[in-house]
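Chain by chain, the residues:
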Amino acid sequence: MSATQDLKTRRQSAIAKGVATRGIYAARAENAELWDVDGKRFIDFAAGIAVNNTGHRHPRVMAAVAQQSEAFTHTCFHVAPYESYLALAERLNAATPGDFAKKTMLVTTGAEAVENAVKMARAYTGRSGVIAFSGAFHGRTLMGMALCGKVNPYKKAFGAMPPEVLHVPFPNEFHGVTVRDSLAVLENLLRSSIDPQRVAAMIIEPVQGEGGFNIAQPEFLRALRAICDEHGIVLIADEVQAGIARTGKLFAFEHAGVAADLVTMAKGLAGGFPLSAVTGRAEIADAAPVGGIGGTYAGNPLAVAAAHAVLDVIAEEDLCARATEVGDAIKARLISLAARQGMEAIGDVRGLGAMIAFELVTDRQTNNPDPVLTQAIVAEAEARGLIILPCGTRANTIRLLPPLTTPMPLVEEALDIIETSIEAAINAAAVAAE
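Examining the overall build of the protein
Step number 1: Regarding its fold elements, the protein presents 13 helices and 15 strands.
Step number 2: Projected onto its principal axes, the C-alpha positions of the protein cover 65 × 60 × 45 Å.
Step number 3: Looking at the protein as a whole, 55% of its 434 residues are labelled buried.
Step number 4: In the protein, the proportion of contacts linking residues at least 24 apart, taken out of those at least 6 apart, comes to 71%.

Right, here's the structure in full:
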């Protein structure tokens, strides 16, 4: 029995079934490559789900964490605060979009950041309603689940959700939902389902993650900003997956030229160490009562040190420009591939920066989803040494999240594997259908 098979057997006995895993058991990783416990090498186009934007074990990040570990690893910021937390808050206040006074709180996970952003908005407005969007993913906590616009598996079997959370269709022209359509539903919702004066916040991902890498058009985000301003609603940008240079800007909202009131971030912020943040208007961040927000591990010193190094690396290595370069290469190859004879299963190629996806369909006339082919392509790629992930509300989209530090020869090698995997999966499906 291989080491991987042994671990799979142990996992079945020891780990809760609801914790989903793939079949690759990591032994070590470096930049954009990962080796499993049997010594097989993989190119990592998942990056820990957009966590390792600066690559696995970036030397600057590892050095910063090692240096901090020599001083202290935990005091709890509520008990004995430390300067590095303050300095990171100052950097995030300056870096997020918006020319207004800002404040920051640090926590540990993206879901925690979302929960605390909603708490701030409710405390500030004295209201309770929250509007989110179809296809959204905002975490697995109770409020996070309620905000999610995807039932299976995130809401399935977990009972009643918190009240006064409403959803509006996310614009997706590939599936016939225009910006005008979404805004019309939103305006009707504010007339027929909830008084705008009861809405504390509106939360949106500028590029949806789990929902299928759907991009919010700049005009849509600008329209949401105007509606929120009209009704005194707090606009929350969920930048947990799209932020930290992933889309070619430090924050994806920058592409629209508008600022949210609060920004949630996590994943790529600390280069593989657990850290998240809420940054936004000072008066909103200050609305919660003293002691009402925070957490025992919130702003862990090792993760904070890593985040400082990550921000330094993004600036010094110009990773925003690098995201665009890598993303453009991937997108061009996929568009070329989709135009080839026999590749009609690729219904759509989309992305912003190095946040790229392609959607698989049974035919381009109906754009009906093909989740079976999607899983087959993921499996073919894994067998050939490439880690990619599915997503989308219809489970028919493949997302590509290479580290922004991936060398171009490695990008090309990965694209060769993707092309071969798509061809193999399509051919196998054709044989099976005969």
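What about the packing of aromatic side chains?
Step number 1: Tallying each qualifying case throughout the model produces 8 aromatic pairs.
Step number 2: Here F77 and Y85 contribute two aromatic rings whose centre-to-centre distance is 3.6 Å and whose plane-to-plane angle is 10 degrees, an arrangement assigned as stacked. Residue F77 shares its accessibility class with Y85, and that shared class is buried.
Step number 3: An aromatic cluster of at least three residues, connected via ring pairs, comprises F72, F77, Y82 and Y85.
Step number 4: The aromatic ring of W35 is capped on one face by R28, whose charged end is 4.0 Å from the ring centroid.
Step number 5: Positioned above the aromatic ring of F100 is the side chain of K102, whose terminal nitrogen or guanidinium carbon lies 5.3 Å from the ring centre.

Describing the packing of helix α11 (residues 319-338) against helix α13 (residues 408-433)
Step number 1: Axis separation between α11 and α13 bottoms out at 11 Å; the angle between their running directions is 25 degrees. Here α13 runs roughly parallel to α11, going by the angle between their axes. Between α11 and α13 lies a crossing whose hand is right-handed. Together, R322, E325, V326, A329, I330, R333, L334 and L337 of α11 and M408, V411, E412, L415, D416, I418, E419 and I422 of α13 make up the contact between the two elements.
Step number 2: Looking at the contact of α11 with α13 residue by residue, the class counts come to 10 nonpolar, no polar and 6 charged.

Concerning the pairing of strand β6 (residues 165-168)
If a strand is regular, its side chains alternate between the two faces of the sheet.
Step number 1: Inspection of the sheet shows strand β5 (residues 129-133) paired to β6 by 4 bridges, in the parallel sense. Among the inter-strand pairings, V130 is bridged to a residue of β6, identified as V165.
Step number 2: For the crossover from β5 across helix α6 (residues 142-147) to β6, the handedness is right-handed.

Some thoughts on the sheet that holds strand β11 (residues 346-352)
Two pairing modes exist for strands in a sheet, parallel and antiparallel, and in both the strands are linked by backbone hydrogen bonds.
Step number 1: The sheet built from 4 strands is open, its strands ordered β11-β12-β15-β14 with antiparallel pairing. At either end of the open sheet lies a strand with only one pairing partner, and these are β11 and β14 (389-391). Between one strand axis and the next, the sheet turns by 30 degrees as a mean value, whatever way the strands run.
Step number 2: Inspection of the sheet shows β14 paired to strand β15 (residues 397-400) by 3 bridges, in the antiparallel sense. Along β15, the bridge assignment pairs P390 with I398.
Step number 3: Across the face of the sheet, α11 comes into contact with β11, β12 (355-360) and β15 while running at roughly 170 degrees to β11.
Step number 4: Against the sheet, helix α12 (residues 371-383) touches β12, β14 and β15, its axis set at about 35 degrees to β15.

A closer look at unusual backbone geometry
Step number 1: Residue P153 follows N152 across a cis peptide bond; omega there is 10 degrees.
Step number 2: By the element assignment, P153 lies in the loop between α6 and β6.
Step number 3: The phi torsion at C76 lies on the positive side, around 70 degrees, for a residue other than glycine.
Step number 4: Summarising the element assignment, C76 is placed in the loop between α3 (59-69) and α4 (83-95).
Step number 5: Owing to a relative accessible area of 10%, C76 belongs among the buried residues under this scheme.
Step number 6: A positive phi angle, near 75 degrees, is found at A245, a position not held by glycine.
Step number 7: With a relative accessible area of 0%, A245 lands in the buried category.

Points about the sheet that holds strand β8 (residues 234-238)
Step number 1: Strand order in the open sheet formed by 7 strands is β4-β10-β9-β8-β7-β5-β6, and the pairing between neighbours is mixed. The open sheet terminates on both sides in strands that have one partner only, identified here as β4 (102-107) and β6. The mean angle between the axes of side-by-side strands here comes to 20 degrees, regardless of whether they run parallel or antiparallel.

Analysis parameters
Residues numbered from 1 in each chain as written. Predicted model: local features only at pLDDT ≥ 70, side-chain atom pairs only at ≥ 80, totals over all residues. Heavy atoms only, no water. Helix = DSSP H or I, 4+ residues; strand = E, 2+ residues; numbered from the N terminus. Buried < 20%, exposed > 50% of the residue type's maximum accessible area, 1.4 Å probe, protein only. Contact = heavy atoms within 4.5 Å. Phe/Tyr/Trp six-rings, centres within 6.5 Å; stacked < 30°, edge-to-face > 60°. Lys NZ or Arg CZ within 6 Å of the ring centre and 35° of its normal. Axes fitted to C-alpha atoms, helices over the stretch in contact; angles between N-to-C directions. Parallel < 35°, antiparallel > 145°, perpendicular 65-115°, else oblique. Left-handed = near helix turned anticlockwise from the far one by under 90°. Nonpolar A, V, L, I, M, F, W, Y, C, P; charged D, E, K, R; others polar. Pairing = 2+ DSSP bridges. Right-handed = clockwise from strand over helix to strand, strands pointing away.

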